[in-house]
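Letter by letter, the chains look like this.
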Amino acid sequence: MDVFDPNRLPRRLAVVVDHLPDPVVLVDASGFVQGANAAARRALLPTLAVGRPLSYGLRAPEVLDAVAAALPGGPVKVEFATRVPTERTFEVQITPALEANGEFGAAPVMLVFRDLTEARRLERMRVDFIANVSHELRTPLASLTGFIETLQGAARDDPAARARFLSIMRAQAWRMTRLIDDLLSLSRVELREHVAPKTPVDLRTVAAQIIDTLRTMAGERGVAIALAAPEAQAIVLGDADELSRVVENLVENAVKYGESGGRVDVAVDRREDGFELSVRDHGPGIAQEHLPRLTERFYRVDVAESRDKGGTGLGLAIVKHIVNRHRGRLHIESEPGSGTLVRVILPAADRA
Ligand SMILES: Nc1ncnc2c1ncn2[C@@H]1O[C@H](COP(=O)(O)OP(=O)(O)O)[C@@H](O)[C@H]1O
Ligand SMILES: [Mg+2]
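Residues numbered from 1 in each chain as written. Chains lettered and ligands numbered in written order. Predicted model: local features only at pLDDT ≥ 70, side-chain atom pairs only at ≥ 80, totals over all residues. Heavy atoms only, no water.

What to know about the site of ligand 1
This is how the line gets drawn: Any residue with a non-hydrogen atom lying within 4 Å of a molecule or strand is treated as near it. For this analysis, a polar contact is any N or O atom pair within 3.5 Å, provided that within protein one partner can donate a hydrogen and the other can accept it, and provided that sequence-adjacent residues contribute only side-chain to side-chain pairs. The Shrake-Rupley method, run with a 1.4 Å probe sphere, supplies the accessible areas, and residue values consider only the shown protein chains as cover. Each helix corresponds to a stretch of at least 4 residues labelled H or I by DSSP, and each strand to a stretch of at least 2 residues labelled E; elements are numbered beginning at the N terminus. By the convention adopted, Pro, Cys, Tyr, Trp, Phe, Met, Ile, Leu, Val and Ala count as nonpolar, Lys, Arg, Asp and Glu as charged, and the other residues, Gly among them, as polar.
Close to ligand 1 lie 18 residues; Tyr 257, Asp 281, Ser 306, Thr 312 and Gly 313 are nearest. In this structure, an oxygen atom belonging to ligand 1 sits 2.7 Å away from a side-chain N or O atom of Tyr 257. Relative to its unbound accessible surface of 540 Å², ligand 1 loses 95% to contact with the protein. Where the shell around ligand 1 is concerned, the elements lending two or more residues are helix H8 (240–257) and helix H10 (315–325). Among the elements that take part in the shell around ligand 1, H8 stands out by supplying 3 residues, more than any other. Split into classes, the residues belonging to the shell around ligand 1 amount to 8 nonpolar, 7 polar and 3 charged.

Here is the structure:
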């Protein structure tokens, strides 16, 4: 018997406890397990059995010590981490929960476990994100401040230096503007991610329009962009602005990082389950170990190269969130030496 014993706990309460999502364990005064709900047996203590010491199933000295200490005292909270089957962090509230009136044996102690793993991960992401944003803004700001001081001092009466510094300052100010714009786009998409867009949009038209706006920029780098699209429309349920950002980011990346390939091939294709937008370049490609991380905010293969090319490190993160909002899929394939292929698959409007 390894659930809360319905003969000893009112039956309905036993069922409730057994279905609680958080692990709950009841231990008696000598540290023997009296009951463990389903979540406890599943998540935490597969080897734990009623009638055996808690220490047999739970190898967490912090918790066992706290249980011993809690027996005469008030509630305590302790944290502990597990390594097997997965790395997780739990907080355990240990309460001498029930009256020692004999019903549950002498002075039982209740342990309620809360899984903090996800909350900790999110907290770490938030802290990293703020550190990254601050760092990204500080660099151009430091450069601006430096130039302002020079212009007020040494270069005060040097028109040639002034013109040169002002153009660098403008570039730095632009860099901050791009960063703020990307951060705002990211937060807007994230806010709406759970609401799938509902307007019919022709993916072909979006791709053609954006490519037209990028031709000059590509031409300056010696890159030609080709678009292969089907005769018929490629209608998806989408947000035309967001889909434009997807095409823009992917084609821009292909042009900037795949410049040496001289050619970018964009295609819109009908697939069984929707439409596929693919952007292929013939540049240096991306090493395998970077591929899974490219859509993380601020992740770049080469930070200096990205900055040099006006990147913020947020483009693919924005693309990923937009694709998620459209209930689509994003695949990045690359082999060093033979270029990169990015594919976005979106459900067709008639299948959504
Ligand atoms: N087509 C590509 N070829 C090679 N590297 C790429 C390509 N697309 C993206 N990358 C790499 O992925 C990184 C992240 O891309 P992205 O999120 O668009 O940020 P950004 O372009 O602002 O740096 C880039 O810095 C670059 O290192
Ligand atoms: Mg980019």
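Section: the domain arrangement of the protein
Reports of interface size often rely on the accessible area that becomes lost once the parts have come together. Heads up, the condition is: What fixes the domain bounds is an automatic or database domain assignment.
Domain boundaries assigned for the protein yield domain 1 (11–115), domain 2 (117–191) and domain 3 (195–352). Computed from C-alpha atoms alone, the centre-to-centre distance between domain 1 and domain 2 is 51 Å.

Overview of the nonpolar core
Put simply, the rule reads: What makes a nonpolar core is a set of buried Ala, Val, Leu, Ile, Met, Phe, Trp, Tyr and Cys residues whose side-chain atoms join them at distances within 4.5 Å. Relative accessibility thresholds used throughout: buried, under 20% of the residue-type maximum; exposed, over 50%; partly exposed, between the two (1.4 Å probe, protein chains only).
With 47 residues, the main nonpolar core has Leu 203, Ile 225, Leu 250, Val 251, Val 264, Val 266 and Leu 277 as its most contacted residues. Each of domain 2 (117–191) and domain 3 (195–352) contributes no fewer than three residues to this core. Judged by nonpolar contacts, the second largest core, of 22 residues, contains Val 25, Val 33, Ala 66 and Val 78.

Some words on the sheet that holds strand E9 (residues 263–271)
Here is the rule we go by: A pair of strands is considered paired only if DSSP assigns at least 2 bridges between the two. Angles run from 0 to 180 degrees between N-to-C directions of axes, and those axes are lines fitted to C-alpha atoms, restricted for helices to the stretch in contact.
Here 5 strands make up an open sheet; going across it, the order is E7-E9-E10-E12-E11 and the pairing mixed. Strands at the two margins of the open sheet, each flanked by one partner only, are strand E7 (224–228) and strand E11 (329–334). Shown here is a sheet whose adjacent strand axes are inclined to one another by a mean of 15 degrees, direction ignored. Direction of pairing for E9 relative to strand E10 (residues 274–281): antiparallel, over a ladder of 8 bridges. Counted as the bridge partner of Asp 269 is Glu 276 from E10.

Quick look at the pattern of salt bridges
Here is the rule: Any carboxyl oxygen of Asp or Glu that lies within 4 Å of a side-chain nitrogen of Lys or Arg is treated as forming a salt bridge with it.
Under the criterion given, the structure shown has 24 salt bridges. Of the charged contacts, one joins Arg 192 and Glu 242 as a salt bridge, the two residues approaching to 2.6 Å between their closest N and O atoms. With Arg 192 in helix H6 (residues 159–192) and Glu 242 in helix H8, this residue pair connects regions lying 50 residues apart in the sequence. Among the residues examined, Arg 192 registers a relative accessible area of 33% and is labelled partly exposed. Between Glu 296 and Arg 293 there is a salt bridge whose closest N-O contact spans 2.8 Å. When its relative accessible area of 34% is taken as the criterion, Glu 296 is described as partly exposed. Shared partners join several salt bridges into a network, and the residues in it are Arg 271, Asp 273, Glu 276, Arg 329, Glu 333 and Arg 343.

Side note on the environment of Glu 305
The topology assignment puts Glu 305 in helix H9 (residues 303–308). Taking the C-alpha atoms as reference, Glu 305 lies 54 Å from Asp 65; in sequence the two are 240 residues apart.

Details of a nonpolar patch on the surface
Defined as follows: Only residues whose relative accessible area exceeds 30% and that take part in no salt bridge are eligible for patches, with like-charged residues grouped when within 9 Å of each other and nonpolar side chains (Val, Leu, Ile, Met, Phe, Trp, Tyr) grouped when within 5 Å.
On the surface, Leu 13, Val 16 and Leu 20 cluster together into a nonpolar patch covering about 240 Å² of accessible area. Within the element layout of this structure, Leu 13 appears in helix H1 (residues 11–19).

A closer look at the sheet that holds strand E1 (residues 24–27)
With respect to topology, 5 strands assemble into an open sheet ordered E2-E1-E5-E4-E3, the strand pairing being antiparallel. Each having just a single partner strand, strand E2 (33–36) and strand E3 (76–82) make up the two edges of the open sheet. When the angles between neighbouring strand axes are averaged without regard to direction, this sheet yields 25 degrees. Bridge count for E1 against strand E5 (residues 109–115) is 4 bridges, and the pairing is antiparallel.

Here's the deal with the side chain of His 290
By the element assignment, His 290 lies in the loop between E10 and H9. Assessed through its relative accessible area of 16%, His 290 is described here as buried. A distance of 2.7 Å separates a polar atom in the side chain of His 290 from a polar atom in the side chain of Tyr 299.

As for the packing of H6 against H10
The criterion, for reference: For classification purposes, an angle smaller than 35 degrees is called roughly parallel, one larger than 145 roughly antiparallel, one from 65 to 115 roughly perpendicular, and anything else oblique. Handedness of a helix crossing follows the sense of rotation of the near helix relative to the far helix, less than a right angle counterclockwise being left-handed and clockwise being right-handed. Contacts were defined at the residue level, with two residues in contact if any of their heavy atoms lie within 4.5 Å.
At a minimum axis separation of 9 Å, H6 and H10 run at an interaxial angle of 20 degrees. Viewed along their axes, H6 and H10 adopt a mutual orientation that is roughly parallel. Crossing geometry of H6 relative to H10 is assigned as left-handed. Counted together, Asp 182, Ser 185, Leu 186, Val 189, Glu 190 and Arg 192 of H6 and Ala 317, Ile 318, His 321, Ile 322 and Arg 325 of H10 form the full contact between these two elements. Across the contact of H6 with H10, the residue classes break down as 5 nonpolar, 2 polar and 4 charged.

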